[in-house]
Amino acid sequence: MSDKISLVLMCIDYRFWPEALPLLEKKYGEFDLIELAGASKNLVSPTEEADRTALLENIGISISLHHPHQIILTNHTDCGMYGGSKNFKSLEEEINFQINDLKSAKDVIKQKFPELPTVMVLIHRDQDEKISIEEVV
Ligand SMILES: [Zn+2]
């Protein structure tokens with residue numbers, strides 16, 4: 001058990017999290033985990049305002065119980081909550097959209113929890129079916 005943990009926000013999608021979570025743990029160490037369909041979308045353009053509220057409450061609970069030193073916001077390509085990859089003209093357009101949403105989600109976190117550093121990560125399955133996690137700067 002580490003005394004310095006992170007907090008990860010992840011989509012529920014079974015095609016991504018089983019491989020992505022071990023990669024995140026290898027890179028960032030132990031973490032609290034919040035899984036919610038659409039991950040960062042719930043902070044930027046939630047289906048229901050209650051989704052954003054519940055997510056922010058869970059972040060607050062993690063902070064008060066386990067004191068994470070950073071939050072890792074993730075989004076993934078082909079996310080059903082964004083209409084999937086088919087909703088975009090190209091992979092480049094999709095990735096740019098996801099990066100913009102991650103940045104907007106980071107702003108929401110910053111307003112509510114200004115003391116908590118935020119890392120943005122895009123999860124992608126490439127053509128040879130390999131999952132990658134890429135930090136967005
Ligand atoms: Zn998803």
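See the structure printed just above.
Rules and cut-offs
Residues numbered from 1 in each chain as written. Predicted model: local features only at pLDDT ≥ 70, side-chain atom pairs only at ≥ 80, totals over all residues. Buried ≥ 20, exposed ≤ 12 C-beta atoms within 10 Å, placed from the backbone. Helix = DSSP H or I, 4+ residues; strand = E, 2+ residues; numbered from the N terminus. Right-handed = clockwise from strand over helix to strand, strands pointing away. Pairing = 2+ DSSP bridges. Core = buried A, V, L, I, M, F, W, Y, C linked by C-beta atoms within 7 Å. Contact = placed C-beta atoms within 7 Å. Axes fitted to C-alpha atoms, helices over the stretch in contact; angles between N-to-C directions.

## Details of the pairing of strand 1 (residues 6–10)
Counting buried residues along strand 1, five of its five residues qualify, which places the element largely inside the surrounding structure. The alternating pattern of strand 1 places S6, V8 and M10 and L7 and L9 on opposite faces, both of which are buried. Crossover connection from strand 1 via helix 1 (residues 17–28) to parallel strand 2 (residues 31–35): handedness right-handed. With four bridges joining them, strand 1 and strand 3 (residues 70–76) adopt parallel strand pairing. Bridge assignment links V8 to a residue of strand 3, and that residue is I72.

## So, the nonpolar core
V8, I71, I72 and L73 are the most contacted members of the largest nonpolar core, which has 28 residues in total. Here I71 is in contact with S6, L7, L9, I59, I109, L116 and T118, once residues within four sequence places are set aside.

## A short note on the pairing of strand 5 (residues 131–136)
As paired elements, strand 4 (residues 118–125) and strand 5 share six bridges and run antiparallel to each other. Each residue of the ladder has a partner; that of V121, found in strand 5, is E135. Between strand 4 and strand 5, which follow one another and run antiparallel, lie five residues, and E129 among them has a positive phi close to 75°.

## Considering the sheet that holds strand 5
Pairing is mixed across the open sheet formed by five strands, whose spatial order is 2-1-3-4-5. Edge positions in the open sheet fall to strand 2 and strand 5, since each of these has one partner strand only. The sheet shows a mean angle of 25° between the axes of neighbouring strands, direction not considered. Here strand 3 pairs with strand 4 via six bridges, running parallel. Bridged to I71 within strand 4 is T118. Its contacts with the sheet place helix 4 (residues 91–112) against strand 3, strand 4 and strand 5, and it is angled at close to 155° to strand 4.

Read these as layout, nothing more, since geometry by itself doesn't imply function.
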